[in-house]
Amino acid sequence: MLARSVALSINADTKLSDLIDYDCHLLLVLNRFNIPLGFGDKTVHEVCTANHVDMDCFISIAQYLTNPDIVDTATFARLNPVSILTYLRNSHDYFLKRRLPDLREKLEDILKNAEENHKVSILKFFNDYSDEVHEHMAYENNTVFPYIEKLLKGKRSDGFSINEFVSNHSDIDEKITDLKHLIVKYVALPGDEYKITNFLFDLFLSEEDLYTHCFIENKALVPIMRKIEKQLNKA
Amino acid sequence: MQTNRQRIVIAESSQMLRKGLVQSINQLPYVDKVVELDDKQPIPEQLADYRPTIVIINPLLAGTGITAGLREFLNLDNSVHLVALVYTLFDQQYLQLYDAVITINDTQADIANKLKSLSNIKKIDTTENEELSDREKEILVTLVKGLSNKEIADYHNISIHTVITHRRNITRKLNIHSPSGLTVYAIVNNLVDLNDIKL
Ligand SMILES: [Fe+2]
Ligand SMILES: [Fe+2]
């Protein structure tokens, strides 16, 4: 979010606490790799080893999130699929169980004093969006990811392929962007401006977070799956 | 995190050239989406479906007869970067209409550098009046009531093509892209009544 003039190149010896200072969004990545706080002065390598985290995967994702410009996304295809799946599954959990309910609660709160028709239409908009995200992620959790796990065990399953996922895979951040614009530009909500600002911060963050989530699916998961499908087809 | 995302459209009739370019561009980290256009439909019509930030186009497809008003012809506002994809000699004066020029002799790194420097410049279109016109408001109302393009065209007695142009202008001006987002806009601006639409 903050424009930085100096890009940080992350490697095994980077101190994790420096990394978090550099870009606080990486805190979310720690959660998704189940890395607890309180790591003192440990390096990326030390923390990853202690928590059984795939370091290449951690560095690639952290590097992409902090300085996407210096990342060669072609290298994503070499990442370990199991680690990517863990990361994506944990992200889904976070969006569905934490982020969306939290946004909804905050939205209801800032709409408390709004005109009835504003309240009804905006909440309806959010609820529909939330259902959409649930559906999108449930499909990935229940159909796409298990398919990949099967592939990893060397089993091809008929009736599904990576191409099907690619053609079904839609953006899920568009409506969050719309909601952001609606509140910033078009709906004058009465009430606590700080709460509204707070909600907007969350929306901006969620938008970015969902966008990068999809990006990782498209530029890491998809090429990895393609590679495995190819190998199995040859065998 | 950074919000540098480029949506790139490539208009070039040689499929081989197009595919090659798509492949090298797709790997760039700031590229969100690359879309290929063919020459089966008029280019301006195809462009309307995407919201490109960069358009890479063979000047032959853009019409070499045009020396000015290229953006108007392609129906692109000033915020879009226009890049010429060139493999024959072109009049320098003509190429001045473009923000950058890619030639077929460019290496992958050359192309990456050119796009990188474009992607670092965010052009903001200041020429447009962002207020919806009365006509656009009327179209928006029929739109959020759930009418199809065909129905909207019949209702307002205009062509489907005009409906599509209006829709594009509405979403661009408001910066709201989902139909349900437009519905919320119409309700909070009292263009429609909550009871008139099935939410
Ligand atoms: Fe996902
Ligand atoms: Fe997804």
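Please read all numbers here as calculations on a predicted model, not as lab measurements. (Residues numbered from 1 in each chain as written. Chains lettered and ligands numbered in written order. Predicted model: local features only at pLDDT ≥ 70, side-chain atom pairs only at ≥ 80, totals over all residues. Heavy atoms only, no water.)

Peer 1: What is the right way to read the coordination of the iron ion (ligand 1) from this model?
Peer 2: In ideal tetrahedral geometry, four donors around a metal make angles of 109.5 degrees, whereas ideal octahedral geometry with six donors gives angles of 90 or 180 degrees. All names here are of chain A. The iron ion (ligand 1) binds to the protein through His92 (NE2), Glu140 (OE), His213 (NE2) and Glu217 (OE), with metal-donor distances spanning 1.9 to 2.2 Å. Coordination at the iron ion (ligand 1) comes from four donor atoms whose angles at the metal span 85 to 171°, giving a geometry best classed as irregular. Mapped onto the sequence, the donors of the iron ion (ligand 1) take the spacing H-x47-E-x72-H-x3-E. If you look at the iron ion (ligand 1) and the iron ion (ligand 2), they sit 3.2 Å from each other and are both ligated by glutamate 140. Here the residue glutamate 140 occupies a position in helix H6 (residues 116-152), and histidine 213 occupies one in helix H9 (residues 193-234), the gap between them amounting to 73 residues. Pair check on accessibility: glutamate 140 and histidine 213 agree, each one buried. (Donors = N, O, S within 2.8 Å, 3.2 Å for Na, K, Ca; no water. Tetrahedral: all angles 85-135°; square planar, octahedral: opposite > 155°, others 65-115°. Helix = DSSP H or I, 4+ residues; strand = E, 2+ residues; numbered from the N terminus. Buried < 20%, exposed > 50% of the residue type's maximum accessible area, 1.4 Å probe, protein only.)

Peer 1: Honestly, the domain arrangement of chain A in this entry has me stumped. Any pointers?
Peer 2: It is common to report an interface's size as the accessible area lost on association of the parts. Residue and element names in this part refer to chain A. Its domain assignment divides chain A into domain 1 (16-71) and domain 2 (76-234). Put simply, the middle of domain 1 and the middle of domain 2, counted by C-alpha atoms, are 22 Å apart. Taken together, the contact between domain 1 and domain 2 spans 14 residues of the former and 18 residues of the latter. Between domain 1 and domain 2, the buried area comes to about 1,300 Å², and carbon and sulfur atoms account for 70% of it. (Domains from an automatic or database assignment. Contact = heavy atoms within 4.5 Å. Buried area = accessible area lost by both parts, 1.4 Å probe.)

Peer 1: Looking at this structure, how should I read the domain arrangement of chain B?
Peer 2: All names here are of chain B. Once the domains are mapped, chain B shows domain 1 (6-119) and domain 2 (134-196). Spacing between the C-alpha centres of domain 1 and domain 2 amounts to 30 Å. Listed per partner, the contact involves five residues of domain 1 and four residues of domain 2. Interface area for domain 1 against domain 2, summed over the two sides, is near 440 Å², with a carbon-plus-sulfur share of 51%. When the area that domain 1 buries against domain 2 is broken down by residue, the three leading residues are Ala48, Arg51 and Asn75, summing to 69%. Linking domain 1 with domain 2 are zero salt bridges. Where domain 1 packs against domain 2, one counts zero residue pairs in polar contact (both at pLDDT 80 or more). Counted by class, the side of domain 1 that touches domain 2 contains one nonpolar, one polar and three charged residues. (Salt bridge = Lys/Arg side-chain N within 4 Å of Asp/Glu carboxyl O. Polar contact = N/O pair within 3.5 Å; in protein donor to acceptor, adjacent residues only side chain to side chain. Nonpolar A, V, L, I, M, F, W, Y, C, P; charged D, E, K, R; others polar.)

Peer 1: When you look at the sheet that holds strand E1 (residues 6-11) of chain B in this model, what are you seeing that I'm missing?
Peer 2: All names here are of chain B. In space, the five strands of this open sheet follow the order E2-E1-E3-E4-E5, with parallel pairing throughout. Whereas interior strands pair on both sides, the edge strands pair on one side only; in this sheet they are strand E2 (31-37) and strand E5 (100-103). Ignoring strand direction, the axes of neighbouring strands in this sheet form an average angle of 20°. The pairing of E1 with E2 spans six bridges and is classified as parallel. Within E2, the residue paired with alanine 11 across the bridge is leucine 37. Lying on the sheet, helix H6 (residues 108-119) is in contact with E1, strand E3 (54-57), strand E4 (81-86) and E5; it crosses E5 at an angle near 165°. (Pairing = 2+ DSSP bridges. Axes fitted to C-alpha atoms, helices over the stretch in contact; angles between N-to-C directions.)

Peer 1: Looking at this model, I keep getting lost on the coordination of the iron ion (ligand 2). Mind explaining?
Peer 2: All names here are of chain A. Only His136 (NE2), Glu140 (OE), His169 (NE2) and Glu217 (OE) from the protein reach the iron ion (ligand 2) as donors, at distances of 2.0 to 2.2 Å. Classification of the site at the iron ion (ligand 2) rests on its four donor atoms, whose angles at the metal span 85 to 175°, yielding the label irregular. Considered as a linear motif, the donors of the iron ion (ligand 2) on their single chain read H-x3-E-x28-H-x47-E. According to the relative accessible area criterion, histidine 136 is buried, its value standing at 11%.

Peer 1: What exactly am I supposed to notice about the interface of chain B and chain A here?
Peer 2: Chain B puts 31 residues into the contact, and the matching count from chain A is 33 residues. Here chain B meets chain A over a buried area of about 3,000 Å², counting both sides, of which 53% is carbon and sulfur. Applying the counting rule to chain B against chain A returns zero salt bridges. At the level of elements, E2, helix H9 (160-174) and helix H10 (179-188) of chain B are the ones that each hand at least two residues to the side of chain B that touches chain A. The element that contributes the greatest number of residues to the side of chain B that touches chain A is H10 of chain B, accounting for six residues. Taken together, the residues of the side of chain B that touches chain A break down into 13 nonpolar, 12 polar and six charged.

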